[in-house]
Amino acid sequence: MIPEMPILRATPAIEAIPPMTPFIGPEQLMREGSHARLLRLGANESAFGPSPKAVAAMSAELPHLSWYGDPESFALREALAARFGCSLENVCVGSGIDDLMGLVVRAFIGPGSVALATRGTYPTFAYHVTGFGGGLATVDYRADGFVDVDALIRRTKSLRPSIVYLANPDNPSGTLLERGKVERLFDALPAQTLLLLDEAYADFVEAEAFLGPMIHSQLVRVRTFSKAYGMAGARIGFAITTPRNVATFQKIRLHYGVNRNAQVGAMAALEDDAFVAHVVQEVARGRDDYYSLAASLGLGTIPSHTNFVCIDCGDGRTATALMETLLRRGVFIRKPALPPLEGYVRVTVGTPEERAQFAEHFRAVISG
Ligand SMILES: *Cc1c(COP(=O)(O)O)cnc(C)c1O
C-alpha cells in the first residue's frame, strides 16, 4: 500500500504567493484556440528581427554549443562599457531585464521590506518582490496615462521603500518621463532607497530627452537586447551601476545563466548601429500608422516612445471584448488590466504588411 502523501510546503514567502501567471504566451493562446499561426502583435517583440550580423555570428558559434559561455561575459561587458563610457566593473550581464530585476530585488528586498512602483506598470518587478517576501506599495498613473512622478516622490519620502521601480519609457502606457522628472525623483530618494530604472525601450528615445550617463550607488539602470535589437528569444540584457552593486549581483546570479550564443550575438548586434537605427525609424513609421488608424476610427491614442501603441477603446469591458474577438481572428494583442488604462488595447508595431493586416481586422471588429 502507498502511504498517504504529505503536502510539502515551500517557504512561507513562496506559499503566500497566489497562483499567478505573469504572462500567457502566444504559444499557449495558439494551443487553446487551435490557431496554426497568430498575427503576433502582443508581446512587443521586434517585427524587424535581429541584425543579420548577430544571426551570422550566432550561427557560426553554434558548433561550440558544448561549451559553457564565459561566466563573466567579459568581452560583452567590455564592449558595453566602451559604449556607455564606463568601466567593465560597472556592467552586469543577465538573461534579460527580467532576470536582472530578480537579482536587484533578491539583493535589496527581503521579508518586511517594501518596494514602490506605479500600479499596473510592467509586472515582473512585482512578481519578484512578492517572490522574495517583500511588500509592494503603488501609486496610480495620472489620468492621462503618464507615470505620476510627483506621487512617486511623495510616497518615496513617506514610505522610504528599499526600491523604487520606474520603467521609462513605460510599459504598458508607452509614455516617457523627460530627464528632469527622473532627476527630480532620484534627488528625492532617501539614503537607503534604490531607484531601479527599467530602460527596456531606451533605444527608441532620442538621447537628449533621456537621463544622461550616471553611475550612483542608488541607481541601477537595466537595458535589454530584446526590443530594438530584436533578440528577445536569446534572453540577454545588462545592468549599469556601481562596481559594488555589480559585485553584489555577481554573488547571487546564475553563473552560467547567460548562454554563449547570446553573448556572441549581443556583441555582433552592438556593432550594427545602422541596423538598430533602421529598426527605430521603421517603428516610428509604425506608430504613426497606428495613430492614423485609431484617429480614422475616432479613437484616441497615447503618444508612445516605444514599439507599441495604446489605443483607447472606451472602457475595460469593450477593450477586453475587442482583444478576445481579435484573438478569435488570429490576432494576438494585449491590454493593460488596471485603471486608468483598462480601456486601452496595446498593439506592438508590426512590419508594414502586419500593420495592414491588423488595420483590416481592427476596422472590421470596431465597425462590426
Ligand atoms: C519587454 C520588457 C522587459 C523584458 O525584458 P527582457 O530583457 O526580455 O527580460 C522588461 N521591462 C519592460 C518595461 C519591458 O517592456
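None of the values given here were measured: they were computed from a predicted structure. (Residues numbered from 1 in each chain as written. Predicted model: local features only at pLDDT ≥ 70, side-chain atom pairs only at ≥ 80, totals over all residues. Heavy atoms only, no water.)

Undergrad: How would you summarise the environment of L341 if you had to cite specific residues and measurements?
TA: Along the polypeptide, L341 turns up in the loop between strand 10 (331-332) and strand 11 (344-348). Note: C-alpha distance between L341 and E208 (133 residues apart in sequence) is 28 Å. Residues within four places of L341 in sequence aside, it is in contact with Y141, G145, P172, S173, I302 and P336. (Helix = DSSP H or I, 4+ residues; strand = E, 2+ residues; numbered from the N terminus. Contact = heavy atoms within 4.5 Å.)

Undergrad: So what's going on with helix 10 (residues 260-270)? Residues and values would help.
TA: In terms of residue burial, helix 10 counts as a mostly covered element, since nine of its 11 residues are buried. Check the buried side of helix 10 and you find it contacts helix 3 (52-61), helix 4 (74-84) and helix 11 (273-296). The opening residue of helix 10, the one whose side-chain oxygen lies 3.0 Å from the backbone nitrogen of N261, is N259. (Buried < 20%, exposed > 50% of the residue type's maximum accessible area, 1.4 Å probe, protein only. Polar contact = N/O pair within 3.5 Å; in protein donor to acceptor, adjacent residues only side chain to side chain.)

Undergrad: Tell me about the packing of helix 11 against helix 13 (residues 352-367), residues and numbers included.
TA: Interhelical geometry of helix 11 versus helix 13 gives an angle of 15° and a closest axis separation of 11 Å. In this view, helix 11 runs roughly parallel relative to helix 13, as classed from their interaxial angle. Between helix 11 and helix 13 lies a crossing whose hand is right-handed. Residues E282, R285, G286, D289, Y290, L293 and S296 of helix 11 form the contact with helix 13, whose own contacting residues are P352, R355, F358, A359, F362 and R363. Residues belonging to the contact of helix 11 with helix 13 are distributed by class as follows: six nonpolar, two polar and five charged. (Axes fitted to C-alpha atoms, helices over the stretch in contact; angles between N-to-C directions. Parallel < 35°, antiparallel > 145°, perpendicular 65-115°, else oblique. Left-handed = near helix turned anticlockwise from the far one by under 90°. Nonpolar A, V, L, I, M, F, W, Y, C, P; charged D, E, K, R; others polar.)

Undergrad: Let's hear about the site of the ligand: which residues, and what values?
TA: Close to the ligand lie G96, I97, D98, Y122, N171, D198, A200, Y201, T224, S226, K227 and R235. Within the backbone of D98, one N or O atom sits 2.9 Å away from an oxygen atom of the ligand. With respect to the ligand, the side chain of T224 contributes an N or O atom lying 2.6 Å from an oxygen atom. Protein contacts shield 94% of the accessible area of the ligand, which totals 390 Å² for the unbound molecule. Within the shell around the ligand, the residues separate by chemical class into four nonpolar, four polar and four charged. (Near = heavy atom within 4 Å. Areas by Shrake-Rupley, 256 points an atom, 1.4 Å probe, with all protein chains shown as cover.)

Undergrad: So what's going on with the environment of T124? Residues and values would help.
TA: One can find T124 in helix 6 (residues 124-131). Overall, the relative accessible area of 8% leaves T124 in the buried class. T124 sits 22 residues away from F146 along the chain, and the two C-alpha atoms are 19 Å apart. Setting aside residues no more than four positions away along its own chain, T124 makes contact with F23, D98 and M101. Side-chain polar atoms of T124 contact the side chain of Y122, separated by 3.3 Å.

These values are about where atoms sit, not about what they do.
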